[in-house]
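# Understanding the architecture of this molecule
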Amino acid sequence: MYATVSDMIARFGETQIIRLSRPEDRTAETVDETKVNTAIADVSAVIDGYIRGRYFVPIAAPPAEIIRAACILARYDLAQGEHTDPSEEMAKGRKDVISWLENIAKELVNLDVPAAAPAGPAVNSGPRMSDRPRILSDDSLRGL
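Residues numbered from 1 in each chain as written. Predicted model: local features only at pLDDT ≥ 70, side-chain atom pairs only at ≥ 80, totals over all residues. Heavy atoms only, no water.

## Let's talk about the packing of helix α4 (residues 64-79) against helix α5 (residues 88-105)
Helix packing geometry: the angle between the two helix axes and the distance between the axes. Under the convention used in this document: Interaxial angles span 0 to 180 degrees and are taken between N-to-C directions of axes, which are lines fitted to C-alpha atoms, for helices over the stretch in contact. Note on conventions: DSSP H or I runs of at least 4 residues are helices, E runs of at least 2 residues are strands, and numbering of each starts at the N terminus. For classification, angles of less than 35 degrees are called roughly parallel, those exceeding 145 degrees roughly antiparallel, those between 65 and 115 degrees roughly perpendicular, and all remaining angles oblique. Here is the rule for handedness: rotate from the far helix to the near one, and if that takes an anticlockwise turn smaller than a right angle the crossing is left-handed, while a clockwise turn gives right-handed. By the convention used here, residues are in contact when the closest approach between their heavy atoms is within 4.5 Å.
Here α4 crosses α5 at 135°, and the two axes come no closer than 9 Å. In this view, α4 runs oblique relative to α5, as classed from their interaxial angle. In this structure, the crossing between α4 and α5 has a hand that is left-handed. Along the contact surface, α4 presents E65, I66, R68, A69, I72, L73, R75, Y76 and A79, while α5 presents E89, M90, A91, G93, R94, V97, I98, W100 and L101.

Here is the structure:
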């Protein structure tokens, strides 16, 4: 997982994480860590899906931008519930993170982590050969 409950609390505040993890209990005073960890695990898999083609996943020591992305996506997921909807700010944050992840996949953005080795030759990148004999050769051009 690319973030922890502590990362979520540090970024968004304990009160918000309590409310998002226990939306049905307005008197709750503790975070539902299981629910938050489930959301973090889910978004970590989403992040891996975007960066898998370029980097070894899961990233053992994720950089700060991956932790931030995981927190933003997890907060959005936690806000989606039976009686709750994500705020406009959360939706915009999610949209920005997904766009950033798409740019990583398109190789427009680079992370400071070891890149994965190419799986094989790229399509249309090797020498080209033909199985047909040449129509024009030195011998057939003599006398023209």
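Don't stop here, the text continues.
## Notes on the nonpolar core
Going by this rule: We define the nonpolar core as a collection of buried residues of types Ala, Val, Leu, Ile, Met, Phe, Trp, Tyr and Cys that are connected through side-chain atoms lying within 4.5 Å of one another. Relative accessible area decides the class of each residue, using a 1.4 Å probe on protein chains only: under 20% of the type maximum gives buried, over 50% gives exposed, and in between gives partly exposed.
Formed by 35 residues in total, the largest nonpolar core has its most connected members in M8, V36, I47, I51 and L101. At the level of elements, α1 (5-12), α2 (14-21), α3 (33-51), α4 and α5 are the ones that each hand at least two residues to this core. Among the elements that line this core, the one with the most residues is α4, at ten residues. Those residues in contact with V36 that lie beyond four places of it in its chain are V5, M8, I17, S21, V31 and L78.

## Some details on the pattern of salt bridges
To keep things clear, this is the line we draw: We define a salt bridge as a side-chain nitrogen of Lys or Arg found within 4 Å of a carboxyl oxygen belonging to Asp or Glu.
By the definition in use, this model includes two salt bridges. One salt bridge in this structure joins E89 and R75, with 3.6 Å as the shortest N-O distance. Of this pair, E89 sits in helix α5 while R75 sits in helix α4, and the two are 14 residues apart along the sequence. We classify E89 as exposed; its relative accessible area is 56%. A relative accessible area of 7% means that R75 is categorised as buried. Its salt-bridge partner being K92, residue D96 comes within 2.8 Å of it at the nearest N-O pair.

## Notes on the environment of I18
Locating I18 in the fold gives a position in helix α2. For I18, a relative accessible area of 11% puts it in the buried group. Not counting residues within four places of it along the chain, the set of residues in contact with I18 comprises A28, E29, T30 and V31.

## What about the environment of G53?
Along the chain, G53 falls in the loop between α3 and α4. Residue classification places G53 among the exposed positions, given a relative accessible area of 72%.

## Some details on the packing of α3 against α4
To keep it simple, the criterion reads: When residues are sorted by character, Ala, Val, Leu, Ile, Met, Phe, Trp, Tyr, Cys and Pro go into the nonpolar class, Asp, Glu, Lys and Arg into the charged class, and all the rest, Gly among them, into the polar class.
Viewed as axis vectors pointing N to C, α3 and α4 meet at an angle of 120°, and their least axial separation amounts to 8 Å. In terms of orientation, α3 and α4 fall into the oblique class. Where α3 crosses over α4, the two elements pack in a sense that is right-handed. Within the contact between the two elements, α3 uses K35, V36, A39, I40, V43 and I47 and α4 uses I66, A69, A70, L73, A74, D77 and L78. Classifying every residue of the contact of α3 with α4 gives eleven nonpolar, no polar and two charged.

## Quick look at a nonpolar patch on the surface
For clarity, the threshold we go by: A patch consists of residues exposed above 30% relative accessible area that lack any salt bridge, with like charges linked at up to 9 Å and nonpolar side chains (Val, Leu, Ile, Met, Phe, Trp, Tyr) linked at up to 5 Å. To be clear on the numbers: accessible area is Shrake-Rupley with a 1.4 Å probe, and residue cover counts the displayed protein chains and nothing else.
Side chains of I135, L136 and L141 sit close together on the surface and give an oily, nonpolar patch of about 350 Å² of accessible area. As for its position among the elements, L141 is in helix α6 (residues 138-141).

## What about α4?
Let me state the cut-off plainly: Multiplying one less than the number of residues by 1.5 Å gives the expected span of a helix.
Taking 1.5 Å as the rise per residue, α4 with 16 residues should run 22 Å; its terminal C-alpha atoms sit 23 Å apart, in good agreement. Its buried side turned inward, α4 meets α1, α2, α3 and α5.

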